[in-house]
Amino acid sequence: MLTLFSNAYNYTASITVSYIGVDVDLWLWMTWLLWPLIVTFLLPLTIVLLFYITGVILYVYKLHRERLINAYENNFWDGALKTVAALWDAHGWIWHGYEVNGIENVPIDSPALLVYYHGAIPIDLYYMISRIYLIKAKLVHTVADHFLFKLPGWSIISEPLKVIPGTVQTCSDILKENNLLAISPGGVYEAQFGDRYYRLMWKKRFGFAKVAIDAKVPIIPVFTQNIREAFRCIGIGRRFWLRIYLWTRLPIVPIYGGFPVKLRTHIGKPIPYDPDLSAEDLQKKVASAIEELICQHQKVPGNILRALCERVYNPLNCSKKKT
């Protein structure tokens, strides 16, 4: 039976087509034709691979903590976290020429809530957290969707990196303990159904505003230039994917990309705590701040080729100089 299948495969692979007197290997021709498409859809898997590399590194440190704890003055996680942060920071610098503007707006000795725009894959968040941890030695706690906590091996990542499901009370308690916390009001919905026009898709979500008001902390708006050009969700069958999402609440929209576009995170000025603002008013104020960052630093509609060219120069800066 195996011989039969082997012969059939060899026969299929050796099919040739005579075209204008030239024999063309059909199998090789199809492989060459589809290779760019295959690579494009495989690149997002590198992010998954990095996640599991992160898990392996942290698992090794946790498993051998008795041998390693003497090498660190503080918590045994510190060495592991700095190693992981360096790994992500190196990836961002090499692949995306990653930069952070406004990192001085992130406090060290006081709590703050960082609110960011959610790309198809929030790789910019990983880069930003790594850069803050390496430069300011301050770990940013993050809120993740509930489905992530059902993935095998996720606990070994979420525990040391302080990733939480995030209820209003839990988030408020973290901030009251003098920590930094990052959250995206748009969440998975914005990630899957946002587009290259960079419109916020928060609907009536203002839980983050309730958190900031309860903890009495400032909110720092964050936006990363070209994040929609690095990874994109397919636009075909949008209504179909939306129905499935509303039914399952799972991020099932196929993602493609991994393009080495220029990524530059812009951290805005803190919006101070104001006891006179309601949660709804604060949500609008934060949304306006992020939309202003988008308007200043992102040319819409987003374009992958232009984002690639920005690795060399920034057309937005050039246009400002001309005016």
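Just checking my understanding: could you explain the nonpolar core for this structure?
Across soluble globular proteins, nonpolar side chains show a tendency to be buried alongside one another. Residues Leu113, Val115, Ile123, Phe208 and Val286 are the most contacted members of the largest nonpolar core, which totals 86 residues. Once residues lying within four places of it in the same chain are set aside, the contact partners of Phe208 are Leu113, Val115, Ile183, Pro185, Trp202, Ile219, Gln283 and Val286.

Looking at this structure, how should I read helix α8 (residues 168-176)?
Along an α-helix, residues three or four positions apart point the same way, because every turn accommodates 3.6 residues. For α8, the full list of buried residues reads Cys171, Ser172, Ile174 and Leu175. Within α8, the buried residues cover an arc of 160° as seen down the axis, which keeps them to one side. Where α8 is buried, its residues touch β4 (112-116), β5 (140-143), β6 (163-164), β7 (180-183) and α10 (207-215). After α8 finishes, the residue Asn178 shows a positive phi value of roughly 70°.

So what exactly am I meant to see when it comes to the pairing of β7 here?
Along any regular strand the residues' side chains alternate between the sheet's two faces. With burial as the criterion, each face of β7 is covered, one bearing Leu180 and Ala182 and the other bearing Leu181 and Ile183. Here β4 runs beside β7; their pairing, made up of 4 bridges, is parallel. Residue pairing for β7: Val115 is matched across the bridge by Ile183. Relative to β7, β5 runs parallel, the two being bridged by 3 bridges. By the bridge assignment for β7, His141 is matched with Leu181.

When you look at the packing of aromatic side chains in this model, what are you seeing that I'm missing?
For any pair of aromatic rings, geometry is given as the distance between the ring centres together with the angle between the planes. Using the criterion set out here, one finds 12 aromatic pairs in the structure. Consider the rings of Phe149 and Trp154, whose centres lie 6.1 Å apart with planes at 85°: the pair is edge-to-face. Both rings, one in Trp202 and one in Phe208, keep their centres 5.5 Å apart while their planes meet at 75°; by these two values the pair is edge-to-face. Pair check on accessibility: Trp202 and Phe208 agree, each one buried. Cluster of aromatic residues (ring-pair linked, three or more members): Trp88, Tyr98, Tyr126 and Tyr127. Taking the ring centre of Tyr189 as reference, the NZ or CZ of Lys203 above it sits at 4.1 Å.

Honestly, the packing of α10 against helix α13 (residues 279-297) in this entry has me stumped. Any pointers?
Taken N-terminus to C-terminus, the directions of α10 and α13 make an angle of 110°; their axes are 8 Å apart at the nearest point. In terms of their interaxial angle, α10 and α13 are classed as roughly perpendicular. Residues Phe208, Ala209, Lys210, Ala212 and Ile213 of α10 lie in contact with α13, whose contacting residues are Ala279, Leu282, Gln283 and Val286. Partitioned by chemical class, the residues of the contact of α10 with α13 number 7 nonpolar, 1 polar and 1 charged.

Sorry if this is basic, but what is going on with α10 here?
Looking only at α10, the buried set comprises Phe208, Ala209, Val211, Ala212 and Ala215. Burial along α10 is one-sided: seen end-on, the buried residues are contained in an arc of 155°. On its buried face, α10 is in contact with β4, α8, β7, β8 (219-225) and α13.

How should I be thinking about the side chain of Lys262 in this particular structure?
On the secondary structure map, Lys262 appears in the loop between β10 (255-257) and β11 (264-267). A polar atom in the side chain of Lys262 sits 2.7 Å from the side chain of Glu99. Discounting chain neighbours no more than four positions away, the residues touching Lys262 are His96, Gly97, Glu99, Gln225, Asn226, Ala307, Glu310 and Arg311.

Calculation criteria
- Residues numbered from 1 in each chain as written.
- Predicted model: local features only at pLDDT ≥ 70, side-chain atom pairs only at ≥ 80, totals over all residues.
- Heavy atoms only, no water.
- Core = buried A, V, L, I, M, F, W, Y, C linked by side-chain atoms within 4.5 Å.
- Buried < 20%, exposed > 50% of the residue type's maximum accessible area, 1.4 Å probe, protein only.
- Contact = heavy atoms within 4.5 Å.
- Helix = DSSP H or I, 4+ residues; strand = E, 2+ residues; numbered from the N terminus.
- Arc of directions from axis to C-beta.
- Pairing = 2+ DSSP bridges.
- Phe/Tyr/Trp six-rings, centres within 6.5 Å; stacked < 30°, edge-to-face > 60°.
- Lys NZ or Arg CZ within 6 Å of the ring centre and 35° of its normal.
- Axes fitted to C-alpha atoms, helices over the stretch in contact; angles between N-to-C directions.
- Parallel < 35°, antiparallel > 145°, perpendicular 65-115°, else oblique.
- Nonpolar A, V, L, I, M, F, W, Y, C, P; charged D, E, K, R; others polar.
- Polar contact = N/O pair within 3.5 Å; in protein donor to acceptor, adjacent residues only side chain to side chain.

Any functional reading would require information that these geometric values do not contain.
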